[in-house]
Amino acid sequence: MGSSSYRRCLLLLVSILCIRGRCGASASVVPAKIGKGYRLISIEETPYGGLLGHLQVKQKNNVYGADIPHLQIYVKHETNDRLRVHITDAEKQRWEVPYDLLPRERPPQAKQAIGRSRKNLLTASEYEGSELIFSYTTDPFGFAVRRKSTGETLFNTTADHSDKYGNMLFKDQYLEISTKLPEDASLYGLGENTQPHGIKLYPGDPYTLYTTDISAINLNADLYGSHPVYMDLRNKGGKAYAHSVLLLNSNGMDVFYKGSSLTYKVIGGVFDFYFFGGPTPLAVVDQYTSLVGRPAPMPYWSLGFHQCRWGYHNLSVVEDVVENYKKAKIPLDVIWTDDDHMDGHKDFTLNPVNYPRPKLLAFLNKIHDLGMKYIVINDPGIGVNESYGVYQRGMANDVFIKHDGEPFLAQVWPGAVYFPDFLNPKTVAWWGDEIRRFHELVPIDGLWIDMNEPSNFCNGKCTIPKDKVCPSGTGPGWICCLDCKNITSTRWDDPPYKINASGIGAPIGYKTIVTSAVHYNGVLEYDAHSLYGFSEAVATHKALQGLEGKRPFILSRSTFVGSGKYAAHWTGDNKGTWDDIKYSISTMLNFGIFGVPMVGSDICGFYPAPTEELCNRWIELGAFYPFSRDHANFYSPRQELYQWDSVAKSAQNALGMRYKLLPYLYTLNYEAHISGAPIARPLFFSFPTFTKCYEVSTQFLLGSSVLVSPVLDKGKTKVNALFPPGTWYSLFDLKDTIVSDDGDYRSLDAPLHVINVHVYQNTILPMQQGGLISKEARMTPFTLIVTFPAGVTEGHADGKLYLDDDELPEMSLGNGYSTYVDFHATVENKTVKVWSEVMEGKYALQKGWIVENVKILGLNGIGESFHLEVGGNSVSDVSNVELIASEQRIYTDKLEDGGDTRKCMMIEVQGLDLPVGKNFAMSWKMGVHG
């Protein structure tokens, strides 16, 4: 639910502030190079590993405040492929992302009274690890990180006279550091923002990181999440190398990417850099999530389709939505309600008139019996209401963020609210108890935590008016009705450097908590602001998991480094436009890089009304988002997928395929959980040496092998799709075969109800028969799609399958409730072999899962002399098994050329009854081509 309709007011406020001279130092004339940097005065090896050094400022200046005179630098190779460089005040402790919130190794504590001598300077200026090398210069101090295997410099902060940036700066409220970059480096990340130029970072575009409730329609602006990490992909002589850089800092920052350099300008905290050596994109994300937290295991049903709307006014409407999906034969797993179910928009309440509890419980019993789920929204603002139990218990436990010693007053949907302080352990316990109480009232299946940037409809310090009702109940609910005055008297509310907040240089406290407010243990909102949604997700995850010991599902709008360990994400308030459908792909792919793989956008757009054609194309795309949900605004017309016959047809087609692919998607969920591998990936993850795909933002891969090529433009019935080198098979018609010898674009037919989805060679794809609910789809027999290069005489293919009891909180093997299968296939000496290697087969056997069909694509001959083994024993009676051969259509170069003279075959092995939980092996000879 959005509250971002006040951007024009924000622009007006900023204009007024600038007229009054409050645009800050960033708007006045400031030299490009400030100060002379620091000199290294000592450095030594520590007994516990790493280097510890001290820096002294060379020449003091007061631009953006006084320099911190003495700094401590700590450098350590924490793993073979991860290097940490930590720089802070040498004489007193500074704010950092809390170590209990994001667990990691602590650097040595800053020492008092730093010696000013040059003692303990190492003779060597390099510090080698297995994959990365740290080096430094002493005066002015700068450091560089190189890749050991190639010698290439990945990060270099040393500035010379020709550079347009200066040496490192470190002030209380302004930190600056820059790195040189090669012009041909491809950078990705630095979010959350809506990037109009696609997934690849674009020189000159602004990248501001500060969690903000402005809608995703605002381009190149700081949105709901803060992820100060980027991936750098370089191609040297046909070899690709990827690495990643994280600046672990929660303060607001501007990042300026100029193509040949990148500059951080941060308004607090410390420099805490982590360098991840890769060298592949998958390895980078693996290394990154090993530090910040592996992505959360998701329940199986969460990979089904979700329907939501702000404006389901009563339970009867919700019941009708579920029934209409069933009538339209469109898959649906989860029904959501926005705050319509609440009593006066208050968290953890139920509207007794529109959502009477007895009727709601009867409805939930019905859908739960079918395997469907129910999720509700929850905003962090707690209504200030003396008769409201949640408020009463919160006040009794002293859980709210303070300003001037009193709970900070804001306004959100209930009216006047206080914000819980999730950095306070007492708040976490209180929050868990409130979730428990509500779950006893309504057995929800997950929580949607929204408005947690956090969002505030008012500005500054507010009081509840005594002469009027607030809110009045008429007009838009997001208009501030409290009595408020701006706060600009503190350096926290009016810092010397102004980041480009909201994309227009707005005050950092605009429409949120004032930044001089105080959290637990005296932590300033100024420092902790961008951690709010993250800390709420941690508390919510703990609460949900504690209810019944089940695997939680949480959807959070605001995210930070590490949020993927606890929550899924949707890309916020988008518009029903052709531009927005394009933008959704880049944002989705970025979040995979951020370690938040369960992500998607509001299908058909949050507002205003989408066209029928756009909604057709959006469900075709959205059916392949990792998180697939239709959601709409209160003021928009209804846009459930059955509202148009044409959209219903497209939904049946695209979601029908999604539900067949659920075992593959769930296996990708498992891979994400154990290695961080994104579910939806840019093409360069699988084809890092294929430079044509470095900028592709209109297609994506699911896993390593399934390519999605949607129509993203009005009136188009063809799509120009890039196919990396190799053989690709259409999932909707396995006989259609594209051979892309060198990697090129192809024009594909895409009439209104068609989306092109292809599977790559050398893959074994586990699929089931689909269904209208994931629970029933999950119990249907398996088909294995085995893909070889077209006309193969020798080749191999591999695939994976993970199955478990998805209610268990952990996703792992060895607990008796999970099974993992490796599938293999080879073509060699005119013999085709397909076999499985099963780990922990007991669970799959108990569930009775079977493989009944195997389709092998790309062969150059038909099959004969079939042999089958199950569990190591030969099966003598294979009379029910039938090998059916059919010729495939091969297209090379241009599709319109009419195909290729080469021929290849698809062999379908039917009539199988192979237990998934047992090893099997089948083989046959390839006879003469038919």
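Residues numbered from 1 in each chain as written. Predicted model: local features only at pLDDT ≥ 70, side-chain atom pairs only at ≥ 80, totals over all residues. Heavy atoms only, no water.

**Quick word on the environment of Asp467**
Looking at the secondary structure, you find Asp467 in the loop between strand S27 (461-463) and strand S28 (483-485). Judged by relative accessible area, Asp467 falls into the exposed class, the value being 69%. Here the alpha-carbon distance between Asp467 and Phe700, two residues 233 residues apart in the chain, equals 56 Å. (Helix = DSSP H or I, 4+ residues; strand = E, 2+ residues; numbered from the N terminus. Buried < 20%, exposed > 50% of the residue type's maximum accessible area, 1.4 Å probe, protein only.)

**Here's the deal with the packing of aromatic side chains**
Evaluation of the coordinates by the stated rule reveals 60 aromatic pairs. Judged by centre distance (6.1 Å) and plane angle (45 degrees), the ring pair of Phe305 and Tyr325 falls under tilted. One end of the pair, Phe305, is in strand S18 (residues 305-307); the other, Tyr325, is in helix H3 (residues 315-327), and 20 residues separate them in sequence. According to the relative accessible area criterion, Tyr325 is buried, its value standing at 1%. Taken together, a centroid distance of 5.5 Å and an interplanar angle of 75 degrees make the contact between Trp336 and Trp448 edge-to-face. Taken together, the positions of Trp336 in strand S19 (residues 334-337) and Trp448 in strand S26 (residues 446-449) put the pair 112 residues apart, joining distant regions of the chain. Through successive ring pairs, a cluster of aromatic residues spans Phe134, Tyr136, Phe141, Phe143, Phe155, Phe170, Tyr264, Phe271, Phe273 and Phe275. Above the face of the Tyr388 ring, Lys346 is positioned so that its terminal group lies 5.7 Å from the ring centre. (Phe/Tyr/Trp six-rings, centres within 6.5 Å; stacked < 30°, edge-to-face > 60°. Lys NZ or Arg CZ within 6 Å of the ring centre and 35° of its normal.)

**Describing the sheet that holds S18**
Spatially, nine strands are ordered S31-S30-S29-S26-S20-S19-S18-S33-S32 in an open sheet, and the strand pairing comes out parallel. The open sheet terminates on both sides in strands that have one partner only, identified here as strand S31 (599-600) and strand S32 (602-603). In this fold helix H8 (residues 532-548) packs onto strand S20 (373-378), S26 and strand S29 (554-556), with an angle of close to 170 degrees to the strand it touches most, S26. (Pairing = 2+ DSSP bridges. Contact = heavy atoms within 4.5 Å. Axes fitted to C-alpha atoms, helices over the stretch in contact; angles between N-to-C directions.)

**Here's the deal with the sheet that holds strand S7 (residues 141-147)**
To summarise the sheet geometry, strands pair through backbone hydrogen bonds and adopt either a parallel or an antiparallel arrangement. Sheet architecture is open: four strands sit in the order S5-S6-S7-S8, paired in antiparallel fashion. Each end of this open sheet is capped by a strand with a single partner; those strands are strand S5 (126-128) and strand S8 (153-156). Each strand axis lies, on average, 15 degrees off the axis of its neighbour in the sheet, ignoring direction.

**Quick look at unusual backbone geometry**
Omega for the peptide link from Asp139 to Pro140 comes to -5 degrees, which places this bond in the cis form. Looking at the secondary structure, you find Pro140 in the loop between strand S6 (132-138) and S7. The phi dihedral of Cys604 falls on the positive side, at around 75 degrees, and the residue is not glycine. Its location among the elements puts Cys604 in the loop between S32 and helix H10 (612-622). The class of Cys604 is buried, set by a relative accessible area of 0%.

**Looking at the packing of H10 against helix H11 (residues 645-660)**
Direction vectors running N to C along H10 and H11 enclose 5 degrees, while the axes themselves pass 8 Å from each other. As judged from the angle between their axes, H10 and H11 are roughly parallel. Residues Glu612, Cys615, Asn616, Ile619, Glu620 and Gly622 of H10 pack against Ser646, Val647, Ser650, Ala651, Ala654, Leu655 and Arg658 of H11. Split by residue class, the contact of H10 with H11 holds six nonpolar, four polar and three charged. (Parallel < 35°, antiparallel > 145°, perpendicular 65-115°, else oblique. Nonpolar A, V, L, I, M, F, W, Y, C, P; charged D, E, K, R; others polar.)

The quantities given are spatial measurements derived from coordinates; they are silent on function.
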